[in-house]
Amino acid sequence: QVQLVESGGGLVQPGGSLRLSCAASGSIFSINAMGWYRQAPGKQRELVASITSGGSTNYADSVKGRFTISRDNAKNTVYLQMNSLKPADTAVYYCNAVGLLRYTFRGFDSWGQGTQVTVSS
């Protein structure tokens, strides 16, 4: 009932930048928090950054100072600006949204399909 569509992944050289976008659509009453997770081959999925509807943010230590998360509440969209990328940032990046459904006010916890980010020379 809630769909998340990610875009912006790709191949970039070390030190480069990418901007990921994720748009949520469907039967949404409100979105409490949106975030980005990533999963590298052979590793568990980990939180990269999250942001609440009020704008409070949280970052993994490994990306602090390099990545910036932001959101447009009117568009139900979250962004991840990634600068100074390193090969260790290579992973599939997933968007996540947590909120309430329209009409039923039941909670939802939805994921996007993932977008590949590869940092390599």
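Quick look at the structure, then. Since this is a predicted model, take the numbers as computed values, not measurements. (Residues numbered from 1 in each chain as written. Predicted model: local features only at pLDDT ≥ 70, side-chain atom pairs only at ≥ 80, totals over all residues. Heavy atoms only, no water.)

What follows is about the pattern of salt bridges. One pass over the structure, following the stated rule, counts 4 salt bridges. Note that D89 is salt-bridged to R38, the shortest N-O span being 3.0 Å. With a gap of 51 residues between them, D89 in the loop between strand 8 (77–82) and strand 9 (91–101) and R38 in strand 4 (residues 28–39) connect regions that are remote in the sequence. Note on accessibility: D89 and R38 belong to one class, buried. Between D89 and R66 there is a salt bridge, and its shortest N-O distance comes to 2.8 Å. Of this pair, D89 sits in the loop between strand 8 and strand 9 while R66 sits in the loop between strand 6 (57–59) and strand 7 (67–72), placing them 23 residues apart in sequence. What makes D89 buried here is its relative accessible area of 2%. Salt bridges sharing partners connect three or more residues here, namely R38, E46, R66 and D89. (Salt bridge = Lys/Arg side-chain N within 4 Å of Asp/Glu carboxyl O. Helix = DSSP H or I, 4+ residues; strand = E, 2+ residues; numbered from the N terminus. Buried < 20%, exposed > 50% of the residue type's maximum accessible area, 1.4 Å probe, protein only.)

Note that S21 resides in strand 3 (residues 18–26). Apart from the residues lying within four places of it in its own chain, the contact partners of S21 are V5, E6, S7, W36, V78 and Y79. (Contact = heavy atoms within 4.5 Å.)

It is worth spelling out the packing of aromatic side chains at this point. Inspection of every chain in the model, using the stated rule, returns 2 aromatic pairs. Residues F29 and F105 carry aromatic rings whose centres are separated by 4.8 Å and whose planes lie at 80° to one another, so their mutual orientation is edge-to-face. Note that F29 is positioned in strand 4 and F105 in the loop between strand 9 and strand 10 (107–111), a separation of 76 residues in sequence. Directly above the aromatic system of Y94 lies the positively charged group of R45, at a separation of 3.8 Å from the ring centroid. The lysine or arginine in question, R45, covers the ring of W111, its NZ or CZ lying 4.8 Å from the ring centre. (Phe/Tyr/Trp six-rings, centres within 6.5 Å; stacked < 30°, edge-to-face > 60°. Lys NZ or Arg CZ within 6 Å of the ring centre and 35° of its normal.)

Here the focus is the sheet that holds strand 8. Across the sheet, which stays open at both edges, the 4 strands sit in the order 1-3-8-7 with antiparallel pairing between neighbours. Looking at which strands have only one partner, the edges of the open sheet turn out to be strand 1 (2–7) and strand 7. Ignoring which end each strand starts from, the neighbouring axes of this sheet average 15° apart. As judged from the 6 bridges shared by strand 3 and strand 8, these two strands associate in the antiparallel manner. (Pairing = 2+ DSSP bridges. Axes fitted to C-alpha atoms, helices over the stretch in contact; angles between N-to-C directions.)

For the rest of this paragraph, the subject is the environment of S70. Of note, S70 is situated in strand 7. By relative accessible area, which is 30% here, S70 ends up partly exposed. Taking C-alpha positions, S70 is 9.7 Å from S21, a pair spaced 49 residues apart along the chain. Apart from the residues within four sequence positions on either side, S70 is in contact with I51, T77, V78 and Y79.

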